[in-house]
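# Fold and geometry: a report
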Amino acid sequence: MTIFCSHCHRPLQAETSCLPRRARQAPSVSKPFRSTKSASKARRDQINVELQALRSLLPISSREKERLSYLNTMALVCLQLRGAHLFPPGNSTPTGPAFGMELLSLLPGFFLMLLANGKLAYISENVAQVLGLSMVELLSQGDTVFDILDGTAREAVQEKLFLAQEQPGTEVTFVSKMRTSKAFRLQHGGNRAVAVRGRFVALHRAASPPASAFMAFCTPVVQLPADGDASSQDDLFQSVHALDMMFTDITESVIYHLGYRREELIGRSWYSLLHPEDTHLAAAQHRAVGKSLGAGAVVGAVVLRVLRSDQTWAWIHTAVRRDRGSCSITCTSRSLR
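Keep in mind that this is a model prediction, so the values were computed, not measured. Along each chain, the written sequence defines residue order, and numbers are assigned to residues from 1. Reporting of local features is limited, given that this is a predicted model, to residues whose pLDDT is at least 70; pairs of side-chain atoms are given and counted only at 80 or more, and all residues count toward the totals for whole chains, interfaces and linings. Note that water and hydrogens are dropped before the side-chain values are worked out from all heavy atoms of the structure.

Another aspect to go through is the overall build of the chain. Each helix and strand counted, the chain has twelve helices and twelve strands in total. The rule is simple: take the accessible area with a 1.4 Å probe, protein chains only, and divide by the maximum for that residue type; under 20% is buried, over 50% is exposed, in between is partly exposed. Looking at the chain residue by residue over its 337 residues, the buried ones come to 38%. Whether two residues are in contact is decided by their heavy atoms, any of which lying within 4.5 Å being enough. Counting only contacts in the chain whose residues sit at least 6 apart along the sequence, the fraction spanning at least 24 positions is 48%. Entry remark: accessible area of the chain is about 19900 Å², with carbon and sulfur atoms responsible for 57%. Working definition: helices are DSSP H or I runs of at least four residues, strands are E runs of at least two. Numbering for both runs from the N terminus. Values of accessible area rely on a 1.4 Å probe in the Shrake-Rupley scheme; residue burial ignores everything except the protein chains shown.

A pair of Phe, Tyr and Trp rings is counted when the ring centres sit within 6.5 Å of each other, with Trp represented by its six-membered ring. The angle between the planes then sorts it: under 30 degrees is stacked, over 60 is edge-to-face, the rest tilted. By the definition in use, this model includes three aromatic pairs. When the centroid spacing of 5.4 Å and the interplanar angle of 55° are considered together, the rings of Phe 200 and Phe 214 count as tilted. With a gap of 14 residues between them, Phe 200 in strand S6 (residues 192-203) and Phe 214 in strand S7 (residues 211-220) connect regions that are remote in the sequence. Here Phe 200 matches Phe 214 in class, with each residue buried.

This part covers the UniProt feature "domain: PAS" (unreviewed entry) in the chain. UniProt positions are given in the numbering used here, feature names are shortened, and annotations may be inferred rather than shown by experiment. Mapped onto the present numbering, the UniProt feature "domain: PAS" (unreviewed entry) falls on residues 102-168 and 250-278. Summarising residues 250-278: 28% helix, 3% strand, and an end-to-end C-alpha distance of 21 Å.

Let's shift gears to the nonpolar core. One broad rule of soluble globular proteins: the nonpolar side chains tend to lie buried together. Buried Ala, Val, Leu, Ile, Met, Phe, Trp, Tyr and Cys residues that are joined via side-chain atoms within 4.5 Å together make up what is termed a nonpolar core. The biggest cluster of nonpolar side chains holds 36 residues, and the ones touching the most others in it are Val 145 and Phe 214. Excluding residues within four positions of it along the chain, Val 145 makes contact with Leu 112, Leu 114, Gly 118, Leu 120 and Leu 161. Residues Val 254, Val 289, Val 302 and Ile 316 belong to the second largest nonpolar core, which totals 22 residues.

Further remarks concern the pattern of salt bridges. Note on definitions: salt bridges are taken to be side-chain nitrogens of Lys or Arg within 4 Å of carboxyl oxygens of Asp or Glu. Evaluation of the coordinates by the stated rule reveals seven salt bridges. We note a salt bridge from Arg 197 to Glu 171, for which the minimum N-O separation is 3.7 Å. With Arg 197 in strand S6 and Glu 171 in the loop between helix H8 (154-166) and strand S5 (172-178), the pair connects residues that are 26 residues apart, well separated along the chain. Here Arg 197 falls in the partly exposed class, since its relative accessible area comes to 48%. Linking Arg 261 and Glu 264 is a salt bridge whose minimum nitrogen-to-oxygen distance equals 3.9 Å. In the salt-bridge network here, residues are joined through shared partners; they are Lys 160, Asp 278 and Arg 305.

With that settled, the discussion passes to the environment of His 286. Looking at the element boundaries, His 286 is found in helix H12 (residues 279-291). Residues His 286 and Ile 329 lie 43 residues apart in sequence; the distance between their C-alpha atoms is 9.0 Å.

Let us now look at the pairing of strand S4 (residues 120-123). In this sheet, S4 lies alongside strand S3 (residues 110-114) in antiparallel orientation, the contact comprising three bridges. Note that in S4 the partner of Leu 112 across the bridge is Ile 123. Only strands joined by at least two bridges in the DSSP assignment are considered to pair.

Here five strands make up an open sheet; going across it, the order is S4-S3-S7-S6-S5 and the pairing antiparallel. With partners counted over all chains shown, the strands left at the sheet margins are S4 and S5, one partner each. When strand polarity is set aside, the average angle formed by the axes of neighbouring strands in this sheet is 30°. Axis lines are fitted to C-alpha atoms, over the contacting stretch for helices. Their N-to-C directions set the angle, which ranges from 0 to 180 degrees.

Look at H8: 18 Å from first C-alpha to last across 13 residues, which is about the 18 Å you get at 1.5 Å a residue. Inspection of H8 places Val 157, Lys 160, Leu 161 and Ala 164 among the buried residues, and these make up the whole buried set. Axial view of H8: buried residues confined to an arc of 95°, hence all on one face. When the buried face of H8 is taken as reference, the exposed residues oriented beyond 90 degrees from it are Glu 155, Phe 162 and Glu 166. Expected span of a helix: the number of residues minus one, times 1.5 Å. It is the directions from the helix axis to the C-beta atoms that the arc portrays.

The subject of this paragraph is empty space enclosed by the protein. A cavity here means a set of points on a 1 Å grid, drawn over the protein atoms and nothing else, where a 1.4 Å probe fits but cannot get out; a pocket is an open set with protein on both sides within 12 Å along at least five of seven lines, and a residue lines either one if it has an atom within 4 Å of a point. Grid points are joined across faces, edges and corners, and a volume is the space filled by probe spheres set on the points. As enumerated under the stated definition, the model contains two cavities of 30 Å³ or more in all. Computed from the structure, the largest cavity encloses a volume of approximately 70 Å³. In this structure, the largest cavity is lined by Met 245, Trp 270, Ala 282, Gln 285, His 286, Val 302, Leu 304, Thr 318, Val 320 and Cys 331. Among the elements of the structure, H12, strand S10 (298-307) and strand S11 (313-322) are those that each provide at least two residues to the lining of the largest cavity. Tallying contributions element by element places H12 first for the lining of the largest cavity, with three residues. Think of it as three bins: nonpolar holds Ala, Val, Leu, Ile, Met, Phe, Trp, Tyr, Cys and Pro, charged holds Asp, Glu, Lys and Arg, and polar takes everything else, Gly as well. Residue composition of the lining of the largest cavity, grouped by class: seven nonpolar, three polar and no charged. Its boundaries defined by the atoms lining it, the second largest cavity holds a volume of some 50 Å³. In this structure, the second largest cavity is lined by Leu 112, Leu 114, Val 145, Leu 149, Val 157, Leu 161, Phe 174, Met 178, Val 196, Phe 214 and Ala 216.

Moving on, we come to a nonpolar patch on the surface. Together, Leu 54, Leu 57 and Met 74 make up a nonpolar patch on the protein surface, roughly 280 Å² of accessible area in all. Inspection of the secondary structure puts Leu 57 in helix H2 (residues 37-57). By relative accessible area, Leu 57 is classed as exposed at 69%. A patch consists of residues whose relative accessible area exceeds 30% and which take part in no salt bridge; residues with like charges are grouped when within 9 Å of each other, and nonpolar side chains (Val, Leu, Ile, Met, Phe, Trp, Tyr) when within 5 Å.

Take a look at the structure:
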């Protein structure tokens, strides 16, 4: 049986129609509209407008604003939001503009505030005097404290922050190298060792859930001179240990640094002098020496606190190596101030 079209009276096949092709196809409601170049450009322009608006609100100089990339802008915005979350408007803030740059410039270090996960919440502007990097330049490294530390220090600092978080109000101290500007590294031969002393503080805020922040003061330690600098030898003392780190010999100069006579230390364990919080760092170096196959090669360095004879703690920078052809370990230690 032949079917004729009601419009043109021609015979129709089952799969054909005289209607226009566009009329035969029902529009798909689920198919998204394709983005055109003009629509994409309009979105980019809108994003740029919003970023410019955020950039204009940042409490930094106009010169620094002009140098900000999009990522730097977002990093600074996130930093400001974390600070505002910890200290909402109207609450008294222990850090920030109230100190004034004049007072901060007189201090021998800079302030640092962190969240429990290590995210940066505040850095005082005078960080540039210590690291050679402004707050904006420092944030280009990343938005956590681990991003601005020397790569080898991450695990040790995580342990310190975990200890401080488990015992709120307990002060912890650690020394770690922080990233510096290229000019600083060229002048001093590397990144800068900084002593960080701080604690987690509970923040009581009206109509907000309780929170805590790690507030710390960061002070640079004396920059380590080059190994070949003969004038720096007065800061050194050297000790020889058995494989279990028992003292077998030590230079007489230890009396000037730790207050002990040579005879008092021979036969005593190195671990008996270490601060309890630093024993794991020393043990890690000890294990590295034990596994080292390169005789005579220096196996890294570590910053530790050791007990002086007057029962105070001294910071020392110790390099450990395994002596060639003997079952002994040599430590070269430099006093830090």
